[in-house]
Amino acid sequence: MSAEGPETGGTPEAPGFAGFAGSAGAGGSAVRPDGLVAEAHEDGVDGAAAAARRVISALLRTGDDTAADMAGMAKQLHAVADQLEEHAPARETRLVNMWRGDGITRHDPVTGPENALAPPLRLTGRADGSVEGTVTLGIAYQGPPGCVHGGVSALLLDHTFGVANHWAGLSGMTAELTLRYRRPSPLFEPLTITGRQISVDGAKIRTVGGIAAGGRDCVTAEGLFIAKHLPRPR
């Protein structure tokens, strides 16, 4: 069971929207949040994470059949990691810092600008209560040849549904996520990812959405969420 929402992405306190007040959910007259995903900065850890994404992509594109000095690069990358680890705070301290703030996470693996694993996906709330974003995924997210890994599709939709619930007004933790893979999702092409909360029954929240390319559905999904959040690290 994972939490979703701007504190989202399978993380505690919903993509957390634990603290989000005055919302109705499922198309009610919710008070919309001011933001859904964190804004990326060019400097600091955001800038370093963006550079790390470039390195990951370049390594996969280059491979071993190259004249590049991979052994030398490995030494340089280890030196960078050594410097970061030398100055990193205790894990417990970092977790507290990660969950401090306005309820929108910067570290999640889908939209988080601090996370080099995140594409990152940008999501926007719509007047009809849905959320939508467009992202182009590279070779780091490959499953079948030239296509997105099915597990990556699930990750993107789980997180997007959490954000959609946040946008609708009531969010929670993932209880069930059902995906139907209708056709391969292509790499290197814009993918449109959507989510919309469709009902709230007590603590049960139901959300639907999907991934499309070129106007055609690649993945459709539906999820069941429970309006419950884990406590933040203190």
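Refer to the structure above for everything that follows.
Residues numbered from 1 in each chain as written. Predicted model: local features only at pLDDT ≥ 70, side-chain atom pairs only at ≥ 80, totals over all residues. Heavy atoms only, no water.

## Quick look at the pairing of strand 4 (residues 190-201)
- As paired strands, strand 2 (residues 130-136) and strand 4 are joined by 7 bridges and run antiparallel to one another. By the bridge assignment, Glu 132 is partnered in strand 4 with Thr 194.
- Between the antiparallel neighbours strand 4 and strand 5 (residues 204-213) lie 2 residues, among them Gly 202 with a positive phi of about 65 degrees. (Pairing = 2+ DSSP bridges. Helix = DSSP H or I, 4+ residues; strand = E, 2+ residues; numbered from the N terminus.)

## With respect to the layout of surface pockets
- Here the largest pocket defines a volume of roughly 720 Å³.
- Taken together, 18 residues line the largest pocket, and the ones lying closest to its centre are Val 45, Ala 48, Ala 52, Val 80 and Leu 84.
- Among the secondary structure elements, those contributing two or more residues to the lining of the largest pocket are helix 1 (44-62) and helix 2 (70-87).
- If one sorts the elements of the lining of the largest pocket by residue count, helix 1 sits on top with 8 residues.
- Approximately 210 Å³ is the volume attributed to the second largest pocket.
- Considering the residues around the second largest pocket, the lining is formed by 13 residues, among which Arg 53, Ile 56, Ala 116, Ala 140 and Tyr 141 are closest to the centre.
- Among the elements that take part in the lining of the second largest pocket, helix 1 stands out by supplying 3 residues, more than any other. (1 Å grid on protein atoms, 1.4 Å probe; cavity = no way out; pocket = protein on both sides within 12 Å on 5 of 7 lines; lining within 4 Å. Points joined across faces, edges and corners; volume = space filled by probe spheres on them.)

## Digging into the pattern of salt bridges
- Under the definition given, this model contains 5 salt bridges.
- The salt bridge involving Asp 46 is made with Arg 106; its shortest N-O contact spans 2.3 Å. Taken together, the residues span a long stretch of sequence, with Asp 46 in helix 1 and Arg 106 in the loop between helix 3 (91-98) and strand 1 (124-125) at a distance of 60 residues.
- The class of Arg 106 is partly exposed, set by a relative accessible area of 22%.
- A single salt-bridge network, built from bridges that share partners, covers Asp 46, Arg 94, Arg 106 and Glu 114. (Salt bridge = Lys/Arg side-chain N within 4 Å of Asp/Glu carboxyl O. Buried < 20%, exposed > 50% of the residue type's maximum accessible area, 1.4 Å probe, protein only.)

## Regarding a nonpolar patch on the surface
- Taken together, Val 55, Leu 59 and Leu 77 make up a surface patch of nonpolar side chains, about 210 Å² in accessible area.
- Mapping Leu 77 onto the fold places it in helix 2. (Patch = residues over 30% accessible without salt bridge, like charges linked within 9 Å, V, L, I, M, F, W, Y side chains within 5 Å. Areas by Shrake-Rupley, 256 points an atom, 1.4 Å probe, with all protein chains shown as cover.)

## A word on the pairing of strand 6 (residues 216-226)
- In the sheet, strand 3 (residues 173-181) pairs with strand 6 via 8 bridges, with the strands oriented antiparallel. In the sheet register, Glu 176 faces strand 6, and the bridge partner there is Leu 224.
- Where strand 5 and strand 6 come together, 10 bridges link them in antiparallel fashion. In the strand pairing of strand 6, Gly 209 is matched with Ala 221.

## Considerations on the nonpolar core
- Core analysis: the biggest nonpolar cluster contains 28 residues, and Leu 137, Leu 157 and Ile 193 have the highest contact counts within it.
- It is helix 4 (residues 150-168) that contributes the most residues to this core, 7 residues altogether.
- Once residues within four sequence positions are removed from consideration, Leu 137 is found in contact with Pro 119, Val 148, Val 152, Leu 156, Leu 187, Phe 188 and Leu 191. (Core = buried A, V, L, I, M, F, W, Y, C linked by side-chain atoms within 4.5 Å. Contact = heavy atoms within 4.5 Å.)

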